[in-house]
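Here is how the chains run, residue by residue.
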Amino acid sequence: MRVLVIYCHPVETSFNAAVHARVVDSLRAAGHTVDDCDLYAEGFNPVLSREERLNYHDTAVNQAPVQSYVDRLQAAQALVLVFPVWCFGLPAMLKGWFDRVLMPGVAFDISDPANVRPALTHLKRITAVTTYGRPRWTALLMGDPPRKVITRYLRVLSGGRAKITYHAHYHMNVSTDATRAAHLEKVAEVMKGL
């Protein structure tokens, strides 16, 4: 498959960087074509401008500021998101990618506002690989917004057609070499089976 990997972490020596490398290597080893999008390295601007918001519903012009990202998403058959959970949410950079790229005419069709239709129906798989600083119970107590964005919102945008999985390493604050190694192996297996 053609897989778009969206990676979001600013530190090249982080565990997330190691996870990202394992994701990309494992996908390529499995024979997938990978479009590796490192939002920080590419200098993606996460800020939705005033003009973009004013043009948000105008599908004739709304894609222009982020056309290359739209093209990459529309060419993909699978989407893999690699990111840390910060303050029980998506990192601002990734949230900005959602805000600016998952727009009318790309992620959903609003030509009939009373009957909004999904437009990411070409995606066969959506997978998130993430880390949390806190234990799972804390994420559950907070409602785990990142998990819901991936497993619910993206499911709606794919029309329920994409198989969606979510793989998290919890409690990074007390992780060990062994727990991190186990997570990397799990990630490799998931990507090989994509």
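Quantities reported herein were computed from a predicted structural model and do not represent experimental measurements.

Participant: Would you mind showing me how to read the packing of aromatic side chains here?
Facilitator: The geometry of two aromatic rings is summed up by the distance between their centres and the angle between their planes. Under the defined criterion, the tally for this structure stands at 3 aromatic pairs. Residues Phe44 and Tyr69 carry aromatic rings whose centres are separated by 5.0 Å and whose planes lie at 80° to one another, so their mutual orientation is edge-to-face. Of this pair, Phe44 sits in the loop between β2 (33-38) and α2 (50-54) while Tyr69 is found in helix α3 (residues 67-75), placing the two residues 25 residues apart along the sequence. Overall, Tyr69 belongs to the buried group, its relative accessible area being 11%. Here the basic side chain of Arg53 rests over the ring of Tyr56, its NZ or CZ set 4.7 Å away from the ring centre.

Participant: What should I look at first to understand helix α6 (residues 145-157) in this one?
Facilitator: A turn of α-helix holds 3.6 residues, and therefore any two residues three or four places apart point the same way. When the terminal C-alpha atoms of α6 are compared, their 17 Å separation across 13 residues agrees well with the 18 Å that a helix rising 1.5 Å per residue should span. Of all the positions in α6, only Pro146, Ile150, Thr151, Leu154 and Leu157 are classed as buried. In a view along the axis of α6, the buried residues occupy a sector of 150°, so they form one face of it. Residues of α6 that are exposed and angled more than 90 degrees away from the buried face: Arg152 and Val156. Each element contacted by the buried residues of α6 is listed here: β3 (78-84), α4 (92-101), β4 (108-109), β5 (117-118), β6 (125-131) and β7 (163-169).

Participant: Please explain the pairing of strand β1 (residues 2-7) as it appears in this structure.
Facilitator: Across the 6 residues that make up β1, a large majority, 5, are buried. One ladder, built from 6 bridges, connects β1 with β2; its direction is parallel. Residue pairing across strands places Tyr7 opposite Asp38, the latter belonging to β2. Each parallel crossover has a hand, and the one from β1 via helix α1 (residues 15-29) to β2 is right-handed. Pairing of β1 with β3 involves 5 bridges; the strand directions are parallel. By the bridge assignment for β3, Val5 is matched with Val80.

What counts and how
Residues numbered from 1 in each chain as written. Predicted model: local features only at pLDDT ≥ 70, side-chain atom pairs only at ≥ 80, totals over all residues. Heavy atoms only, no water. Phe/Tyr/Trp six-rings, centres within 6.5 Å; stacked < 30°, edge-to-face > 60°. Helix = DSSP H or I, 4+ residues; strand = E, 2+ residues; numbered from the N terminus. Buried < 20%, exposed > 50% of the residue type's maximum accessible area, 1.4 Å probe, protein only. Lys NZ or Arg CZ within 6 Å of the ring centre and 35° of its normal. Expected span 1.5 Å × (residues − 1). Arc of directions from axis to C-beta. Contact = heavy atoms within 4.5 Å. Pairing = 2+ DSSP bridges. Right-handed = clockwise from strand over helix to strand, strands pointing away.

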